[in-house]
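Take a look at the letters that make up each chain.
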Amino acid sequence: MSSRPVRHARRALAAPLALLVAPLVALVLTGCTALGPGGVVEQAAAVDTTPLSELDVLDDPREWTGETVARSAETPVVPVADDPQPQLPVTVTDAQGTEVAVTDTSRILALDLYGTLSRTVFELGLGDRVVGRDTSSTFPEIADLPLVTANGHELTGEAVLELAPTVILTDTTLGPWDVLMQMRDAGIPVVVLDPHRSVETSGDLVRSVAEALGVPEEGAELAERTQAEVDDVVAQIAELAPPEKDDRLRVAFLYVRGQAGVYYLFGEGSGADSLVESVGAVDVASEIGWQGMRPVNDEGIVAAQPDVLLMMSKGLESAGGVDGLLERLPALAQTPAGGNRRIVAMDDSQILAFGPETAAVLDALARALYAPESLAPTSVSTGGPAAGSHG
């Protein structure tokens, strides 16, 4: 691997982590791996614990060549309260306009595509009341609880009913919807939360969960803690990213399900735009006027000219890795990202989860974008430019 000059990042001007209300952000640990033959994701490498402010960053992050996997390492649940006492009954109007009365929070199910809702319940101090989990809820404190999802992210009515939940928190990212209607018909309160998420709305999600469970004070504290963590990491990232917009990485969030022939570019209002901007990069889909999620076409991806593709790991694998993606979308070769095989992949359950672990996700992506040399040396040649090289 050849070397290029790197510049030492100035220490962040934001408050030290130790001064923040949340010890969790001090435990933000990030592990990243390169991709194996064909650009298929391999086993996660060792965790890098170097603070962002102490990393050696690339002199020009646009010149890095190769693929990396960003992973937010497991962090322990740090509840804002040891034994919160819910103020019940509580009546809330959910994201669908349905008025829901919650009278009992002794048996909670919190279910969504990313595992964010269950993590939020645990961080509020109500983890001992959670009776089951979805596929994406894999943190150690919940891992032993029974699954209520099958075939990936499909809710199973029988599994839910067997756990006799007294309240269900969910959104519209899991289905089938008939299962949730079945739960309501069985007399179980079902609170549907807003599935539209971004870095900026992480605190709102926390407060919504807390309100539905009758612990608004704990929700306010957790929302404040989450925002403080995000603000601190964003301030550190600002010290890593090039100060001039013209020098910043141009990033496109590409959603792929290769076997189904699904290729979407996430644009303005999708949440991906917020993520990209928070790591000091330019969201090219928003720049060319793409709203929400739209199918990729050759003209659009070439016009966007991304330096980096940000992807979900399973999506990249479904396309056959980097080699398969370039074969399926040959127009990518006409972009800097395709020509340099510059793809940053992250676990599907983490990358757009938002919520209490937003700061950890931003930390992971910052390392992959600006200081890939700090990652564990597990690079493997993939038939094109060497993965993890820069020149």
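Above this text is the structure in question.
Described below are features of the structure shown in this document. Just so we're clear, the structure is a prediction, and the values are computed from it rather than from any experiment.

The rules behind these values
- Residues numbered from 1 in each chain as written.
- Predicted model: local features only at pLDDT ≥ 70, side-chain atom pairs only at ≥ 80, totals over all residues.
- Heavy atoms only, no water.
- Helix = DSSP H or I, 4+ residues; strand = E, 2+ residues; numbered from the N terminus.
- Buried < 20%, exposed > 50% of the residue type's maximum accessible area, 1.4 Å probe, protein only.
- Contact = heavy atoms within 4.5 Å.
- Polar contact = N/O pair within 3.5 Å; in protein donor to acceptor, adjacent residues only side chain to side chain.
- Axes fitted to C-alpha atoms, helices over the stretch in contact; angles between N-to-C directions.
- Parallel < 35°, antiparallel > 145°, perpendicular 65-115°, else oblique.
- Nonpolar A, V, L, I, M, F, W, Y, C, P; charged D, E, K, R; others polar.
- Salt bridge = Lys/Arg side-chain N within 4 Å of Asp/Glu carboxyl O.
- 1 Å grid on protein atoms, 1.4 Å probe; cavity = no way out; pocket = protein on both sides within 12 Å on 5 of 7 lines; lining within 4 Å.
- Points joined across faces, edges and corners; volume = space filled by probe spheres on them.

1. Some remarks on the environment of R328
- Here R328 lies in helix α10 (residues 321-328).
- Judged by relative accessible area, R328 falls into the partly exposed class, the value being 41%.
- Taking the C-alpha atoms as reference points, R328 and G258, 70 residues apart in sequence, are found 8.4 Å from one another.
- With sequence-adjacent residues up to four places away left out, R328 is seen in contact with G258, Q259, Y263, S318 and A319.
- For R328, the side chain forms a polar contact with the side chain of Y263, separated by 3.4 Å.

2. Some details on unusual backbone geometry
- Looking along the chain, the bond that leaves L88 and enters P89 is cis, with omega of 0°.
- Checked against the element boundaries, P89 lands in the loop between β5 (67-72) and β6 (90-93).
- Following G175, the chain continues into P176 via a peptide bond in cis, with omega recorded as 0°.
- In this structure, P176 sits in the loop between β11 (167-170) and α3 (177-185).
- Even without glycine at this site, Q305 takes up a positive phi of about 50°.
- Tracing the chain through its elements places Q305 in the loop between α8 (298-304) and β17 (308-312).
- Look at Q305 and you get partly exposed, because its relative accessible area is 28%.
- For F354, which is not glycine, the phi dihedral falls at a positive 60°.

3. Considerations on the packing of helix α5 (residues 216-240) against helix α13 (residues 358-370)
- Put simply, α5 and α13 touch, their axes get as near as 8 Å, and they point 10° apart. If you check the angle between α5 and α13, you find them roughly parallel. For the pair formed by α5 and α13, the contact residues are E229, V230, V233, V234, I237 and L240 on the first element and T358, A359, L362, D363, A366 and Y370 on the second.
- Its residues assigned to classes, the contact of α5 with α13 shows 9 nonpolar, 1 polar and 2 charged.

4. Points about the pattern of salt bridges
- As enumerated under the stated definition, the model contains 16 salt bridges in all.
- Among the salt bridges present, the one from R119 reaches E123, with a minimum N-O distance of 2.9 Å. Placement of both R119 and E123 in helix α1 (residues 116-123) is noted, with a separation of 4 residues, approximately one turn of the helix.
- Overall, E123 belongs to the buried group, its relative accessible area being 0%.
- Residues joined in a network through salt bridges with shared partners are R119, E123, R225, E229 and E357.

5. A look at the layout of surface pockets
- Here the largest pocket is characterised by a volume of approximately 1,100 Å³.
- For the lining of the largest pocket, the elements supplying multiple residues, two or more each, are β5, α1, β13 (250-257) and α12 (348-351).
- Classifying every residue of the lining of the largest pocket gives 15 nonpolar, 19 polar and 10 charged.

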